[in-house]
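# Coordinate analysis (summary)
Spelled out from the first residue to the last, the chains are:
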Amino acid sequence: TPPVYMLDYANHPFASCSIPALLSALASNGTLTELRLEGVGLKDYHADILCTALSINTTLRCISLDNNCLTDKGVLQLLNCLKGNSALHMISVQGNKNVSKTYSQQLAHALAVRARAPLQKIPVWAAGSTLAAADSDAL
């Protein structure tokens, strides 16, 4: 089977026991770059499981956790997991009614700072030049 790069479980009626298994499986997935878990009832303890997986996963770039049941505690967990995962460039938590504007803005700011960081130059021997790290995916 071909590798999966994007999973879209937006508004999927998960059984409550299925979400932790899915989040834990992210740790060993080496191809997924985008995950959409919008409106699936995620709670703060799910953010903890997600962060544990993200401490190992280095391929996931974008996560949408919109319209769930996260609070500031869950967003704080996500902020802390950014320290150990340089791959993530987008985490959306819009529509989580118990996430304060302050924590939402802190997450957005942390991701914006990361996006402005200078790109590392990677040698491209075949072309005889260098490309920015973000451009190396095209090879």
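### Focus: the sheet that holds strand β1 (residues 6-8)
Ordered in space as β1-β2-β3-β4, the 4 strands form an open sheet in which the pairing is parallel. The open sheet has two edge strands with one neighbour each: β1 and β4 (90-92). Ignoring strand direction, the axes of neighbouring strands in this sheet form an average angle of 0 degrees. Examined bridge by bridge, strand β2 (residues 34-36) and strand β3 (residues 62-64) share 3 bridges and lie parallel to one another. Note that in β3 the partner of E34 across the bridge is C62.

### Comments concerning helix α3 (residues 72-82)
For α3, the full list of buried residues reads G74, V75, Q77, L78, L79, C81 and L82. Those residues of α3 that are buried are in contact with α2 (44-54), β4 and α4 (101-116).

### Digging into the packing of α2 against α3
With their axes 8 Å apart at the nearest point, α2 and α3 run at an angle of 10 degrees to one another. Taken together, α2 and α3 sit at an angle that is classed as roughly parallel. Touching D44, A47, D48, L50, C51 and L54 of α2 are K73, G74, Q77, L78 and C81, all from α3.

### Here we look at α4
Taking 1.5 Å per residue, 16 residues should reach 22 Å; α4 reaches 22 Å between its end C-alpha atoms and fits that length. Turning to α4, its buried residues are L107, L111 and R114. The arc that holds every buried residue of α4, seen down its axis, measures 55 degrees, which confines them to one face. Looking at α4, the residues exposed on the side facing more than 90 degrees away from the buried face are K101, H109 and R116. Looking at the packing, one finds that the buried side of α4 touches α3 and β4.

### Remarks on the pattern of salt bridges
Throughout the structure, instances matching the rule amount to 2 salt bridges. Put simply, E38 and R36 hold a salt bridge, and the shortest N to O gap is 2.7 Å.

### Side note on the state of the cysteines
Tallying each qualifying case throughout the model produces 0 disulfides. Of the cysteine sulfurs around C51, a residue in no disulfide, the closest is that of C81, at 3.4 Å. Taking the relative accessible area as the measure of exposure, C51 reaches 10% and is therefore buried. Classification of C81 by relative accessible area gives buried; the value is 10%.

### Digging into unusual backbone geometry
Located in the positive-phi region is N11, a residue other than glycine, with phi close to 60 degrees. Inspection of the secondary structure puts N11 in the loop between β1 and α1 (18-25). Backbone geometry at N67 places phi at a positive 55 degrees, although glycine is not the residue there. By secondary structure assignment, the location of N67 is in the loop between β3 and α3.

### A closer look at the confidence of the model for the protein chain
Chain-level pLDDT for the protein chain is 84 on average; 82% of the residues reach the 70-or-more range. In this model, residues 119-139 is a region of pLDDT below 50 whose contacts with residues beyond four sequence positions or in other chains number 21 contacts.

Each value, and the rule that gives it
Residues numbered from 1 in each chain as written. Predicted model: local features only at pLDDT ≥ 70, side-chain atom pairs only at ≥ 80, totals over all residues. Heavy atoms only, no water. Pairing = 2+ DSSP bridges. Helix = DSSP H or I, 4+ residues; strand = E, 2+ residues; numbered from the N terminus. Axes fitted to C-alpha atoms, helices over the stretch in contact; angles between N-to-C directions. Buried < 20%, exposed > 50% of the residue type's maximum accessible area, 1.4 Å probe, protein only. Contact = heavy atoms within 4.5 Å. Parallel < 35°, antiparallel > 145°, perpendicular 65-115°, else oblique. Expected span 1.5 Å × (residues − 1). Arc of directions from axis to C-beta. Salt bridge = Lys/Arg side-chain N within 4 Å of Asp/Glu carboxyl O. Disulfide = S-S within 2.5 Å. pLDDT = per-residue confidence, 0-100.

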